[in-house]
Amino acid sequence: MSRFERIGAVDETREACPQVVRLGGRALGLFYHEGSFYAIDNRCPHMGFPLTDGSVDDGILTCPWHHARFELSCGDTFDPFADDARTYPVERRDDGVYVDVDPEREATPEKRWTDRLEHGLQESLALVVDKAVIGLGDAGVDATVPLTVGATFGTQYRRRGWGSGLTTLSAMANLRSDLRPADRRRALAVGLGAVADDCAGEPPFFVQDPLSTDRVSADRLTAWFRDTIEVRDADGAERVLRAAIAAAARDDTDVDRSTLARLFVAAGTDHRYLDSGHRLDFVDKAFELLDHVGWAHADAVLPSLVPALADANRAEERSSWRQPIDVAALVEEAAADLPDLLARGAGKTWTEPAEFVDRLLDDDPHAIVGQLTDAVAAGATAEQLASAVADAAARRIARFGTANEFRDWNTVHHTYTYATAVCGLTERTDAPERYRAVFDGAVSVYLDRFLNTPPIPLPDPDGDRDPGAALDDLLKTFEVEADGTVDRAGRHAAEYLASGGDAARLKRALGKALLREDAGFHPRQNVEAAFGRYDAVGADRGRLHLVATARYLAAHTPTRREGEQTFRIAERLSRGEAIHEG
């Protein structure tokens, strides 16, 4: 509701301009220009510098700090990096000058901040995105709203389709429940900022119409999708996929969400380990994002996966998968035997042997694939085998030798995120092709063996440390870049858990350390994957994943923390702090 407050007599107020007036708990800048009074939030929306220190000319207020320009009467900026400033109505009355300190807004807080978020994404303005996330949170708007805005924007404005930005958004959405409440907004801001960065300068994604038929079986749609991906026909694959999505939304077909998962798992495993595992990893994250924003958005989200899937590099075309041992052929032979293996395993119950994960780390790929096929014949489910492969991939990170080149961290990381994605996808479809994804992951674990030469011993603490002290020591490893911090991080994480430390507290600490950094794509993926696996397999098996990601995070910190600085500025501005005033 409007509430005008008197500033002072007209002549006195005019003589004092520009001046700072404090009304309704706000610091307003009052200006007299060309015969009229104007009131504006005195904090520049860019960095909070006092606008009364600026200059006014020809109806334009210019901040002296970064020279952002604002139309004085409405606060709109000429410079999008700065964001718009809020203005307040001013009335000149017989007894003085009055300012409305609580003017009605034309839009609800949700609409206003959603519009600002869309603007921040369009211009790739981190500060505007951060302020919008904070504003939506302060207004009590559910996180689904900014997630949906980010998903919609990211799928519409990147011709190459789904990339690291949307993957980060999905990962941050998954992380939120494990974070401190204060870090949950940061996670949203990180994900949305990654979407903006990924789309910056990109042409839009032009959609294909679905095939108009509505009488095609799930098996035929799967076959068509595989055929079009096989010949790298992205347009044809998109039309098939959109027809499948439309069919899944009805209740008069045999097409459902599991069919949609099968389309991607089948096409994504017709060839080996596409794009170093990124393709199936991104598929898993797209399905997870739909779990957050709602499956009504499937027609926007899932087709964005098609361009890269059709254009993906195929691992069997790489020498490492062909020489000196043709491991691609091993997987293909195992896949050809799947119908018989599954028939032999039908009705059986398989229990994982004690040394199963150890044997997945063997130096003989024939033995590794043989162990998996034997397990299938004994009744092992794809979920069981995928979980074991993910454990093996985590062990590669936990035992990664820091004498390797730094970029080799990417190699073990890609295997790990692929393996964790396979875990997720095996739960979405019962298609036999999901076993092929397990075989690919196991072979990638095998190919990473040289990065554990010699293997770093897994920490085996006796559990007699104070958990708080172990956690403090762990966090210190993220503050310095020095020899030995990686191994110390793994040891401290293991000591914390072995001494009875609460895993939820450890995850909150790791999440806080991650989000304050300009950590980049891979560390964000790695931490989110580790948290997910811990939750999926429980404390006994899950601690390995937390130890591994602690080592990975220590290897990739500290960073410049530019993003954290921007978010803190946005927070201080949202609280009304006078950042640059004495």
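Report follows, based on the coordinates. (Residues numbered from 1 in each chain as written. Predicted model: local features only at pLDDT ≥ 70, side-chain atom pairs only at ≥ 80, totals over all residues. Heavy atoms only, no water.)

**Details of helix α3 (residues 126-138)**
For α3, spanning 13 residues, the distance from its first C-alpha to its last is 18 Å, which sits close to the expected 18 Å at 1.5 Å a residue. For α3, a buried count of ten out of 13 residues is recorded, marking the element as mostly surrounded by other parts of the structure. Leu127, Val128, Val129, Asp130, Lys131, Ala132, Val133, Ile134, Gly135 and Leu136 are the residues of α3 that are buried. Looking at the buried positions of α3, the neighbouring elements they touch are α2 (109-123), α4 (144-156), α6 (181-199) and α25 (562-574). At the C-terminal side of α3, Gly140 shows a positive phi close to 75°. (Helix = DSSP H or I, 4+ residues; strand = E, 2+ residues; numbered from the N terminus. Expected span 1.5 Å × (residues − 1). Buried < 20%, exposed > 50% of the residue type's maximum accessible area, 1.4 Å probe, protein only. Contact = heavy atoms within 4.5 Å.)

**Focus on the sheet that holds strand β1 (residues 4-8)**
Strand order across the open sheet formed by three strands is β1-β10-β9, with antiparallel pairing between neighbours. At either end of the open sheet lies a strand with only one pairing partner, and these are β1 and β9 (90-93). Across the sheet, the mean angle from the axis of one strand to that of its neighbour is 30°, orientation sign disregarded. The sheet contact formed by β9 and strand β10 (residues 96-100) spans four bridges and is antiparallel. The partner of Arg92 across the bridge, within β10, is Val97. (Pairing = 2+ DSSP bridges. Axes fitted to C-alpha atoms, helices over the stretch in contact; angles between N-to-C directions.)

**Topic: α2**
With 15 residues, α2 ought to run about 21 Å at 1.5 Å a step, and its terminal C-alpha atoms sit 21 Å apart, in line with that. Residues of α2 that are buried include every one of Thr114, Arg116, Leu117, Gly120 and Leu121, and no others. Down the axis of α2, the buried side of the element spans an arc of 160°, and every buried residue falls inside it. Contacts made by the buried residues of α2 are with α3, α4 and α6. Two residues or fewer past α2, Ser124 is found with a positive phi of approximately 55°. (Arc of directions from axis to C-beta.)

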